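Spelled out from the first residue to the last, the chains are:
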Amino acid sequence: MKTKLEEINRNIYDIKNKDEYEFKIKKGLTAEIIEEISKQKNDPDWMRDFRLKALEVYNKLELPTWGPDLSELNMEEIATYVKPKSKLNSSWDDVPEDIKNTFDKLGIPEAEKTSLAGVGAQYDSEVVYHSMREDLIKQGVIYTDMETAVREYPELVKTHFMKCVPVSDHKFVALHGAVWSGGSFVYVPKGVKVDIPLQSYFRLNSPESGQFEHTLIIVDEGASLHFIEGCSAPKYNKVNLHAGCVELYVKDGAYLRYSTIENWSKNMLNLNTKKAIVGKNAKMDWVSGSFGSKISMLYPMSILNGENAKTEFTGISFAGKGQNLDNGFKVVHNAQNTSSVVNAKSISKNGGKCTYRSLVRINENAKNSKSSVSCESLMLDDISISDTIPTNDIRTDDVEFSHEAKIGKISDKTIFYLMSRGLSEEDAKAMIVRGFAHPIAKELPVEYAVEMNNLINLELEGAIG
Amino acid sequence: MEKLQLLNETPIRTSKNFNINNIKIENFEFPETIKKFSNINIIGDLSQITQEVSLIDLKYGLNEYLTNQVKTRANQKLKVVVDNKTNKETKIEFNFDRENLELVDNIEIEANENSKATIIIKYLTCENIKAFHNGIIRVNAKQNSNIKIIVVNLMNNMSNNFLAIQNTVSKDAKLNYTIIDFGGKYSITNYHSNLDGENADNRLNTIYLGKETQCFDLNYIAELRGEKSNINIEVQGALNDNAKKHFKGTIDFKKGCKKAKGNENESCMLLSNTAKSISLPMLLCSEEEVEGNHSSSAGKIEEKELFYIMSRGFEFKEALKLMVKAKFNKILENIKNEELKTEILQEIDTKLN
């Protein structure tokens with residue numbers, strides 16, 4: 001008897017529009033290509049120079065010597081900039097029909113009406129729609145695309161852009177610095193509480209291309225925000241690349257929750273970088289669901305720089321056939337009385353591979369800090385792989401640190417218990433898998449939790465024996 | 001003099017920024033000529049000990065240079081063949097002194113079917129000298145054997161200790177390994193167990209205790225292949241002053257090891273605010289029907305307990321010693337040789353003075 005999980009129904013996500021664009025840069029990565037992207041985007045001089053320096057760093061850095069095999073990634077075959085046939089709009093009616101249809105089917109305009117304070121939608125390399133509730137604009141909240149932010153808020157952008165994630169961090173961050181396009185900029189002024197979430201949705205339609213959106217969020221002192229990020233792409237035969245960058249500044253006393261449902265297609269290499277700098281008495285929460293991609297290397301990071309800063313990471317990865325999801329979390333405790341809580345889960349099935357890779361570093365100055373890490377992996381068949389690779393680096397004595405992990409299949413005893421209570425074996429297994437994912441699902445907004453439960457759709461077959 | 005570079009690679013790499021994939025020893029002066037080592041004392045049944053060791057074939061080891069040194073220049077070779085059906089103890093003591101500064105030992109233990117034995121291997125520096133030890137211990141625990149190995153490193157903090165261990169554990173065999181790791185400026189251990197047989201069982205218990213600038217690098221790897229095989233790794237340690245420890249523990253469930261179990265628990269007491277503990281407890285799993293758990297913790301000694309003991313009239317240092325020994329006690333209970341246990345307890349007292 002085997003538990004069989006359905007492959008995720010990708011019908012909605014796999015809708016392909018014709019590869020129509022206003023401009024598509026030629027494939028490859030050279031200084032000329034970077035100059036051309038910069039010209040197309042009408043960059044100020046400082047940004048053009050920044051891109052060229054990032055390219056130099058990219059050329060010097062090596063590919064990672066650990067993690068999934070990235071040998072099929074050939075930058076000579078990737079177009080790093082695709083400008084869709086649409087300008088930035090503030091009304092859905094003005095968005096071109098085919099693009100609008102895609103976002104309609106993904107449910108974005110509907111969600112905006114019912115449960116969001118603002119929406120940004122990116123199609124290939126450019127943001128095609130952005131809007132936000134009037135009352136938030138009046139309170140001084142800024143939510144716009146990155147290009148507009150570079151032009152209209154140059155000082156704010158210059159002091160924060162790629163300072164949290166410097167281009168020297170790793171090769172794909174340097175690549176991002178050179179070719180970034182699109183993404184969102186959010187500024188929440190001091191003391192302003194944004195009570196319902198803002199959401200950005202990223203859609204990559206063009207084949208053999210990359211998406212390199214930049215998200216920069218500054219939550220000023222005492223302010224709070226919930227930001228949701230969603231992403232998908234139709235499947236093509238050749239690899240697409242996503243190397244976005246998310247920089248989050250959570251100032252003293254502020255709160256930020258950053259939720260992601262990642263459902264890229266199975267030909268996507270998702271090499272994304274996310275980092276938050278958390279100030280005194282501030283809190284940063286990450287909620288992450290990772291379902292798509294062929295290969296994913298994603299390790300959001302919190303740097304707890306202020307006293308009493310806190311962070312929580314709640315994440316689930318679900319790897320099916322042909323997927324290698326190498327995900328995890330990093331936290332650096334850099335001040336007294338800081339705390340971190342990590343709850344990571346993974347499910348692997350049908351030959352998929354899940355790896356939990358992490359770092360907890362408690363520095364010398366982080367006296368009286370606490371860190372608790374828990375990770376659980378569920379194997380649903382004997383052809384899948386699940387690895388747990390956590391690094392714990394403790395550099396002071398005045399800490400409470402604990403880490404625990406477990407790995408295994410669905411317990412026969414638990415199935416037996418549920419069956420003795422009248423459930424069928426199929427229902428018992430379905431209940432166990434949903435229960436396993438529940439701690440993550442309950443952290444998501446309702447519509448995303450429903451989507452996640454749909455993604456984890458159980459089908460059982462065979463007989464007991 | 002040979003300069004050592006990278007040692008003790010983990011079976012799976014992680015980000016190099018985490019500084020845990022291997023240990024880099026810079027400007028280490030490795031002795032080029034290995035002189036004779038004769039200060040060895042063996043207590044037990046000598047008839048089962050010869051010098052006829054088999055060829056070394058290590059899957060891991062510390063690095064190529066150190067493995068080759070044992071292969072080609074070992075100054076002590078011992079093969080212990082265990083045939084006893086009742087548990088007998090053999091004690092092998094290597095005593096470093098001014099005449100015996102360098103030991104490169106190749107020890108092979110072959111436990112035949114249904115045999116039982118306890119083998120103690122002790123490394124001790126008797127004088128204020130800078131000694132060097134590089135050794136390989138191989139254990140082949142054949143079907144239904146029950147073997148207890150206790151390795152005790154009581155070298156001083158000027159010396160250096162490099163040790164690679166490789167075990168094969170067959171069907172229904174039990175291998176109980178205890179490592180007491182106290183000495184060495186560098187003490188670097190690679191432990192690799194192959195649990196090939198059905199019901200193969202390996203328990204590894206380690207205590208380490210570091211002070212001054214001591215550096216411990218422990219790389220423990222268990223590969224489970226046999227059905228219902230079991231590995232249990234328990235590591236307890238304490239670090240004082242500027243001592244540093246890297247613990248890398250890998251439980252690797254290979255395809256076919258149905259109903260296997262693996263548990264790993266690592267706990268580090270930090271006795272100073274400049275001591276450093278890095279751990280990488282890995283679980284690798286290619287088999288569905290297994291149970292794998294690991295836990296890791298670090299922190300300072302419980303203040304309330306310390307206060308309680310001190311309120312009963314103990315000085316701080318004495319209270320600290322009591323607490324450290326209490327923490328280590330579960331592992332020390334594996335050592336039935338009272339003389340050795342006393343020696344270890346005395347060393348804990350000395351190191352915590």
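Residues numbered from 1 in each chain as written. Chains lettered and ligands numbered in written order. Predicted model: local features only at pLDDT ≥ 70, side-chain atom pairs only at ≥ 80, totals over all residues. Heavy atoms only, no water.

### Notes on the packing of aromatic side chains
Here the distance between the centres and the angle between the planes together describe a pair of aromatic rings.
Then step 1. Here the structure, examined in full by the defined rule, presents 22 aromatic pairs over all chains.
Then step 2. Between Phe-313 of chain A and Phe-329 of chain A the ring centres are 4.8 Å apart and the planes differ by 15°, which places this aromatic pair in the stacked class. Of this pair, Phe-313 of chain A sits in strand β20 (residues 310-319) while Phe-329 of chain A sits in strand β21 (residues 324-333), and the two are 16 residues apart along the sequence. Comparing Phe-313 of chain A with Phe-329 of chain A, the two get one shared label, buried.
Then step 3. A connected cluster of aromatic rings, assembled from ring pairs, spans Phe-28, Phe-30, Tyr-65, Phe-132, Phe-162 and Tyr-186 of chain B.
Then step 4. One Lys or Arg, Lys-41 of chain A, reaches over the ring of Trp-180 of chain A and ends 5.9 Å from the middle of that ring.
Then step 5. Its guanidinium or amino end placed over the ring of Phe-436 of chain A, Lys-345 of chain A lies 4.5 Å from that ring's centre, counting from NZ or CZ. (Phe/Tyr/Trp six-rings, centres within 6.5 Å; stacked < 30°, edge-to-face > 60°. Helix = DSSP H or I, 4+ residues; strand = E, 2+ residues; numbered from the N terminus. Buried < 20%, exposed > 50% of the residue type's maximum accessible area, 1.4 Å probe, protein only. Lys NZ or Arg CZ within 6 Å of the ring centre and 35° of its normal.)

### Observations regarding the nonpolar core
Then step 1. Residues Leu-225 of chain A together with Ile-109, Tyr-123, Ile-137, Tyr-177 and Phe-253 of chain B are the most contacted members of the largest nonpolar core, which totals 104 residues.
Then step 2. If we ignore the near neighbours within four places in the chain, the residues touching Ile-137 of chain B are Ile-107, Ile-109, Ile-121, Tyr-123, Val-151, Leu-163, Ala-164, Ile-165, Gln-166 and Tyr-177 of chain B. (Core = buried A, V, L, I, M, F, W, Y, C linked by side-chain atoms within 4.5 Å. Contact = heavy atoms within 4.5 Å.)

### Here we look at the pairing of strand β18 (residues 230-239) of chain B
All names here are of chain B.
Then step 1. The buried fraction of β18 is high, at nine of ten residues.
Then step 2. Two strands pair when backbone bridges link them, and β18 and strand β20 (residues 261-270) are joined in this way by ten bridges, in the parallel orientation. Bridge pairing links Gln-236 to Ser-267 in β20. (Pairing = 2+ DSSP bridges.)

### Looking at the state of the cysteines
Then step 1. Here the structure, examined in full by the defined rule, presents zero disulfides over all chains.
Then step 2. This cysteine, Cys-164 of chain A, is not joined by any disulfide, and Cys-245 of chain A carries the nearest cysteine sulfur, 7.7 Å off. (Disulfide = S-S within 2.5 Å.)

### What to know about the confidence of the model for chain A
For any part of a model where pLDDT is low, the fine detail of the predicted coordinates should not be relied upon.
Then step 1. Model confidence for chain A is summarised by a mean pLDDT of 86, while 88% of its residues fall at 70 or above.
Then step 2. Below a pLDDT of 50 lies the segment residues 458-465 of chain A, which in the model reaches 26 contacts outside its immediate sequence neighbourhood of four places, other chains included. (pLDDT = per-residue confidence, 0-100.)

### Things to note about helix α1 (residues 64-73) of chain B
Residues spaced three or four apart along an α-helix face the same direction, because each turn holds 3.6 residues.
All names here are of chain B.
Then step 1. Where α1 is concerned, the buried positions are Leu-66, Thr-67, Gln-69 and Val-70. The buried residues of α1 all sit within an arc of 155° when viewed along its axis, so they share a single face. Of the exposed residues in α1, those oriented more than 90 degrees away from the buried face are Glu-64 and Thr-72.
Then step 2. Elements that come into contact with the buried residues of α1 comprise β2 (6-7), β4 (29-30), β9 (102-111), β11 (132-141) and β13 (160-169). (Arc of directions from axis to C-beta.)

### So, the interface of chain B and chain A
Then step 1. The interface is formed by 41 residues belonging to chain B together with 42 residues belonging to chain A.
Then step 2. Buried surface at the junction of chain B and chain A, summed over both partners, amounts to about 3200 Å²; 51% is from carbon and sulfur atoms.
Then step 3. Of all residues in chain B, the largest losses of buried area upon contact with chain A belong to Phe-18, Cys-285 and Glu-288 of chain B, amounting jointly to 20% of the total for that side.
Then step 4. Our count for the chain B to chain A interface comes out at four salt bridges.
Then step 5. Among the ionic pairs, Lys-409 of chain A bridges to Glu-289 of chain B, the shortest N-O distance being 4.0 Å. (Buried area = accessible area lost by both parts, 1.4 Å probe. Salt bridge = Lys/Arg side-chain N within 4 Å of Asp/Glu carboxyl O.)

### As for empty space enclosed by the protein
All names here are of chain A.
Then step 1. A complete count under the given rule lists three cavities of 30 Å³ or more for this structure.
Then step 2. Counted as a void, the largest cavity has a volume near 140 Å³.
Then step 3. For the largest cavity, the lining is made up of 16 residues, of which Phe-313, Ile-316, Ser-317, Asn-327 and Gly-328 are closest to its centre.
Then step 4. At the level of secondary structure, the elements contributing two or more residues to the lining of the largest cavity comprise β17 (283-290), β20, β21, β22 (339-348) and β23 (353-362).
Then step 5. Tallying contributions element by element places β20 first for the lining of the largest cavity, with four residues.
Then step 6. Residue classes in the lining of the largest cavity are distributed as seven nonpolar, eight polar and one charged.
Then step 7. Size it by volume and the second largest cavity reaches roughly 50 Å³.
Then step 8. Here the residues of the lining of the second largest cavity are counted per class, giving three nonpolar, one polar and four charged. (1 Å grid on protein atoms, 1.4 Å probe; cavity = no way out; pocket = protein on both sides within 12 Å on 5 of 7 lines; lining within 4 Å. Points joined across faces, edges and corners; volume = space filled by probe spheres on them. Nonpolar A, V, L, I, M, F, W, Y, C, P; charged D, E, K, R; others polar.)

### Looking at the pattern of salt bridges
Then step 1. On inspection of all chains with the given rule, the structure shows 42 salt bridges over all chains.
Then step 2. Two residues, Glu-312 of chain A and Lys-283 of chain A, come together in a salt bridge whose shortest N-O distance is 3.3 Å. Of this pair, Glu-312 of chain A sits in strand β20 while Lys-283 of chain A sits in strand β17; the two residues are 29 residues apart in sequence, bridging distant segments of the chain.
Then step 3. For Glu-312 of chain A, a relative accessible area of 30% puts it in the partly exposed group.
Then step 4. As a salt-bridge pair, Glu-318 of chain B and Lys-321 of chain B come within 3.2 Å of each other at their nearest N and O atoms.

### Section: the packing of helix α1 (residues 31-40) of chain A against helix α2 (residues 45-60) of chain A
Residue and element names in this part refer to chain A.
Then step 1. Between α1 and α2, whose axes approach to 10 Å, the crossing angle comes to 155°. Accordingly, the angle class assigned to the pair α1 and α2 is roughly antiparallel. Crossing angle aside, the handedness with which α1 passes α2 is right-handed. Between α1 and α2, the residues in contact are Ala-31, Ile-34, Glu-35, Ile-37 and Ser-38 and Arg-48, Arg-51, Leu-52 and Leu-55, respectively.
Then step 2. Each residue belonging to the contact of α1 with α2 can be placed in one class, and the counts come to five nonpolar, one polar and three charged. (Axes fitted to C-alpha atoms, helices over the stretch in contact; angles between N-to-C directions. Parallel < 35°, antiparallel > 145°, perpendicular 65-115°, else oblique. Left-handed = near helix turned anticlockwise from the far one by under 90°.)

### Topic: unusual backbone geometry
Residues and elements named next belong to chain A.
Then step 1. A positive phi is found at Asn-42, a non-glycine position, where the angle reads about 55°.
Then step 2. Here Asn-42 lies in the loop between α1 and α2.
Then step 3. One non-glycine residue with positive phi stands out, namely Ser-293, at about 80°.
Then step 4. Structurally, Ser-293 can be placed in the loop between β17 and β18 (295-298).

### Here we look at the pairing of strand β16 (residues 201-210) of chain B
Residue and element names in this part refer to chain B.
Then step 1. A large share of β16 lies buried, amounting to nine of its ten residues.
Then step 2. Relative to β16, strand β14 (residues 174-181) runs parallel, the two being bridged by eight bridges. Counterpart to Lys-174 in the pairing with β16 is Asp-201.
Then step 3. By the bridge criterion, ten bridges tie β16 to β18 in an arrangement that is parallel. Of the residues in β18, the one forming a bridge with Arg-203 is Asn-232.

### Considerations on the domain arrangement of chain A
Residue and element names in this part refer to chain A.
Then step 1. Once the domains are mapped, chain A shows domain 1 (20-411) and domain 2 (412-465).
Then step 2. Here the C-alpha centroids of domain 1 and domain 2 sit 29 Å apart.
Then step 3. Taken together, the contacts link 24 residues of domain 1 with 20 residues of domain 2.
Then step 4. The junction of domain 1 with domain 2 conceals about 2000 Å² of combined surface from both sides, 72% of it contributed by carbon and sulfur atoms.
Then step 5. Per-residue buried area on domain 1 facing domain 2 is highest for Ile-261, Ile-410 and Ser-411; these three make up 28% of the total on that side.
Then step 6. Across the pair Lys-409 and Asp-412 runs a salt bridge whose closest N-O atoms are separated by 3.3 Å.
Then step 7. Along the contact surface separating domain 1 from domain 2 lie six residue pairs in polar contact (both at pLDDT 80 or more).
Then step 8. Where the side of domain 1 that touches domain 2 is concerned, the elements lending two or more residues are β11 (224-232), β14 (255-263), β17, β20, β22 and β24 (369-379).
Then step 9. A class-by-class count of the residues in the side of domain 1 that touches domain 2 yields nine nonpolar, eleven polar and four charged. (Domains from an automatic or database assignment. Polar contact = N/O pair within 3.5 Å; in protein donor to acceptor, adjacent residues only side chain to side chain.)

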